Structure formats: C-alpha cells, structure tokens
Amino acid sequence: MANDSYIIPVKEEAPLLEFLLKSLPHLSRNKIKDILQGRGITVNGKCTTQFDLPLKPGQTVAVSKQKRSRNILQSRYVKIVYEDRWLVVVEKNVGILSMAAGHKSLNVKAVLDDYFVKSRQNCRAHVVHRLDRETSGLMIYAKDMETEQILEHNWHDIVYDRRYVALLSGVMEQDNGTITSWLKDNKAYFTYSSPVDNGGKFAITHFTTLRRGDNHSLVEFKLETGRKNQIRVHSADMNHPVCGDIKYGNGDNPVHRLCLHAYKLCFHHPRTGEPMEFETPFPRDFKQALKQN
C-alpha cells in the first residue's frame, strides 16, 4: 500500500469513530472527523463518511495522510461528498433544481460550475440524472462529456443500489413489498398510474417499512426503474402518500417539506470500475415527526 495512508486491521467489533480514536491517539477527535468528512477514510477499499459505521474483525481501515484541497464549496444548498478528475457526488438540499429551467433559476449545475471556476478546474458539470426541486439527497455529476456519456448510456449497469427514505402519511400495513404500474404524464405534467398498460412507462418500486408512529411511517424505497415521480405516485397508490407532497399528497405536511430523501447511491466508477458507495443520514425532521406522533 502507498505510504500516504495509515493501514489498520480491525481486530474487534466497534463503531468506526471509536476505533479510529483508539487506533490513532496522536490525532485529535476533530482531526479524525475532518478526515472522515473529507472522504479520506476507506473500509475494505470503500470510502465512507459514516462515523458510526459498525466495524467487524478482519476488515481493514485506511486513513489518508494527504492534505485536502482548500477549495471547499460554500453553499447551503449543495455539499460535495466525493470528487475526482471525472465526476463529483453531491448531497442536494431541498429548494434547488438539479439543472437550469428558465432564467436565473437556482440549480446545482450552476453552483458546481461556479465552484469549478473558483477552484481553477477546467471543466463543467454535466447532468446525469435528476432529483425534484423539493427532494434532497445524493446525485452524480460528470466533469466531462465522455464520462457523462458512459453514465447516461450504461446507467442501469453502472448503478447497482439506489435507495430513498420517505416519511409517509398514515401507518403502513405491510412490512415490505413491491409496487408495479405503468406511469404516464398528461398535458399538465401530472403523472397517472395504471395497473394495465396505458401507453406509459412500466415502473417497479420495492419498499421496506423501517418504523411506524401513530400517524406516520418511515419507509425505504429501492428503485428497479427510475421513472419521473415514481416514488411519489407509487406511495399515493398505496394510500400512504409522501408527506408534504402538494401534487400527489393528502395535505399531511408535518415538517413543511416534501419528505423524500435519496440517502444511498452505489455505483461502479465509470472510468475505473471501482465500486463507489455513498450514504447520508436520514433527515432529522423525518425521525422527529415520528416521535411527535
């Protein structure tokens, strides 16, 4: 292994941060957190920023010694969680579009393009996939056209796990299951769901109920297809719409936002083939709404 990293074998079970504090006593807690947030830590070769990641004996933790770039993106709407010469993975906040739609619209692509200029990178952000304005979570942007084309044309082969968490209205009856239907937009861009072919696109959504409150449920969704408004429409099909959904919902809005977050994104790097796995914490508002039931 290169001499720019500490390589530490795991000999007993422990949360990642606790393990690092014990294994690297010469580094402060804040320093270790900085390295973790800066994606300088891998477990068995996979980057992680999850401080409470459970470690098991036999795993290997690598900690980078290299200093991070000072060109940190400052935006309340966009946070970079990973970046290399070919692509950038960001966590998008609510209230910002994935790309421009009209003059002067706030969008992630423009924020990234400005960041690339300020950090003196000769590249532009290329849109690969989208999240709705009011949906938060993880997204990939390519930094050159060739990488964008690889991702666009091989998306379903490259992305092997993509999951969302949502706060749904009402108490879910099922622990898990799969919803299938055909989705088609009308002229007003409202997506209709049909159990039989309506000329739209076939959509498959897998769900797992994580927690139940008195009036709401926390549910994980795994997409087998990536159709427009798929989770929002399929949730409404179950009579448990996403909280805060003004288009397909029932008016239930306990945290004053669309309660849908893309929390997990796993893909094979389009240039290196390396498995890349990213995960963000569930929004606190979702959990708090369950406790308030």
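Just so it is clear, the structure is predicted and the values come from calculations on it, not from any experiment.

Moving on: the overall build of the protein chain. Tallying secondary structure elements over the protein chain gives 7 helices and 17 strands in all. Taken over the C-alpha trace, the protein chain has a radius of gyration of 20 Å; the compact-globule value for 293 residues is 19 Å, and the two agree within 12%. Seen along its three principal axes, the alpha-carbon backbone of the protein chain occupies a region of about 60 × 45 × 30 Å. Within the protein chain, buried positions represent 46% of all 293 residues. In the protein chain, once contacts between residues fewer than 6 apart in sequence are set aside, the share between residues at least 24 apart is 61%. Accessible area for the protein chain stands at about 16000 Å²; split by element, carbon and sulfur atoms hold 48% of it. For the protein chain, the separation between the mean place of its 42 positive charges and that of its 33 negative charges on side chains is 6 Å.

Along the chain, the position of R257 falls in the loop between helix 6 (230-237) and strand 16 (260-268). The charged side chain of R257 is buried without a salt bridge, its nearest counter-charge being D285 at 5.6 Å. Filtering out sequence-adjacent residues up to four positions away, R257 remains in contact with V94, E134, S136, C243, G244, P283 and F286.

Let us look at helix 2 (residues 29-37). An α-helical segment advances 3.6 residues per turn. Residues three or four places apart therefore align on the same side. Inspection of helix 2 places I32, I35 and L36 among the buried residues, and these make up the whole buried set. For helix 2, the angular spread of the buried residues around the axis is 100°, confining them to a single face. Seen from the buried face of helix 2, the exposed residues on the opposite side, beyond 90 degrees, are N30 and Q37. On the buried face of helix 2, the contacting elements are helix 1 (16-23), strand 3 (41-43) and strand 6 (60-64). Where helix 2 ends, the next residue or the one after it, R39, has phi of about 60°, a positive value.

Turning next to the packing of aromatic side chains. Scanning all chains against the criterion turns up 7 aromatic pairs. When the ring of F190 is compared with that of Y248, the centres are 4.7 Å apart and the planes differ by 45°; the resulting orientation is tilted. One end of the pair, F190, is in the loop between strand 12 (176-185) and strand 13 (191-194); the other, Y248, is in the loop between helix 6 and strand 16, and 58 residues separate them in sequence. Residue classification places Y248 among the buried positions, given a relative accessible area of 8%. Connected via pairs of aromatic rings, a cluster forms that spans Y82, F267 and F278.

For the rest of this paragraph, the subject is the side chain of K143. Among the structural elements, K143 can be located in the loop between strand 10 (136-142) and helix 4 (145-153). Here the side chain of K143 touches E83 through a polar contact of 2.9 Å, side chain to side chain. Residue contacts for K143: discarding those within four places in its chain leaves E83, D84, R85, W86, L87, V88, F116, Q121, C123, R124 and H126.

This brings us to the environment of G137. You can see G137 is positioned in strand 10. Residues G137 and K79 lie 58 residues apart in sequence; the distance between their C-alpha atoms is 9.9 Å. Apart from residues no more than four positions distant in its own chain, G137 is found in contact with V90, E91, K92, L131, H261 and A262.

So, on to the pairing of strand 8 (residues 87-92). In terms of burial, strand 8 is largely enclosed, as 5 of its 6 residues are buried. In terms of strand pairing, strand 7 (residues 78-83) meets strand 8 through 5 bridges, oriented antiparallel. Counted as the bridge partner of K79 is E91 from strand 8. The loop that links strand 7 with its antiparallel partner strand 8 comprises 3 residues. Pairing geometry for strand 8 and strand 10, over 6 bridges, is antiparallel. The residue bridging E91 from the neighbouring strand is L138, located in strand 10.

This paragraph deals with the environment of L17. Structurally, L17 can be placed in helix 1. Separated by 19 residues in sequence, L17 and L36 place their C-alpha atoms 8.8 Å apart. Those residues in contact with L17 that sit more than four places away from it in its chain are R29, I32, K33 and F51.

Once that is clear, we can look at the pattern of salt bridges. Scanning the model with the defined rule gives 16 salt bridges in all. The closest approach of N and O atoms between K264 and E279, which form a salt bridge, is 4.0 Å. In this pair, K264 sits in strand 16 while E279 sits in strand 17 (residues 275-279), placing the two residues 15 residues apart along the sequence. A relative accessible area of 18% means that K264 is categorised as buried. Residue classification places E279 among the partly exposed residues on the basis of a relative accessible area of 36%. Linked through salt bridges whose partners overlap, the residues forming this network are D161, R163, E220, K222, K264 and E279.

The rules we used
- Along each chain, residue indices are assigned from 1 in the same order as the chain's sequence is written.
- In view of the model being predicted, local features appear only for residues whose pLDDT reaches at least 70, and side-chain atom pairs are presented and counted only at 80 or more, with totals across whole chains, interfaces and linings using the full set of residues.
- Calculated side-chain values reflect all of the structure's heavy atoms, with hydrogen atoms and water omitted.
- For the purposes of this entry, the term helix denotes a DSSP run of H or I that reaches at least four residues, the term strand denotes a run of E that reaches at least two, and both are numbered from the N terminus.
- Computation of the radius of gyration draws on C-alpha atoms alone. For the globule rule, the value is 2.2 Å times the number of residues to the power 0.38.
- Per-residue accessibility, obtained with a 1.4 Å probe over protein chains only, is compared with the maximum for each type, and a residue is labelled buried under 20%, exposed over 50%, and partly exposed between these values.
- Note on contacts: a residue pair is in contact if any heavy atoms of the two residues lie within 4.5 Å.
- We get accessible surface area from the Shrake-Rupley algorithm with a probe of 1.4 Å; when it comes to residues, only the shown protein chains can shield them.
- Charge assignment in this entry is limited to Lys and Arg as positive and Asp and Glu as negative, and neither His nor the chain termini are counted.
- Taken as the charge location is NZ of Lys, CZ of Arg, CG of Asp or CD of Glu.
- When a carboxyl oxygen of Asp or Glu is within 4 Å of a side-chain nitrogen of Lys or Arg, the pair counts as a salt bridge.
- Arc definition: directions from the helix axis to the C-beta atoms.
- Classification of ring pairs uses Phe, Tyr and Trp, with its six-membered ring standing for Trp, and accepts pairs whose centres are within 6.5 Å; under 30 degrees between planes counts as stacked, over 60 as edge-to-face, and the remaining range as tilted.
- By the criterion applied in these results, polar contacts are pairs of N or O atoms within 3.5 Å in which, for protein atoms, one can donate a hydrogen and the other can accept it, and in which residues neighboring in sequence qualify only through two side-chain atoms.
- A strand pair is defined by DSSP finding two or more bridges across the two strands.

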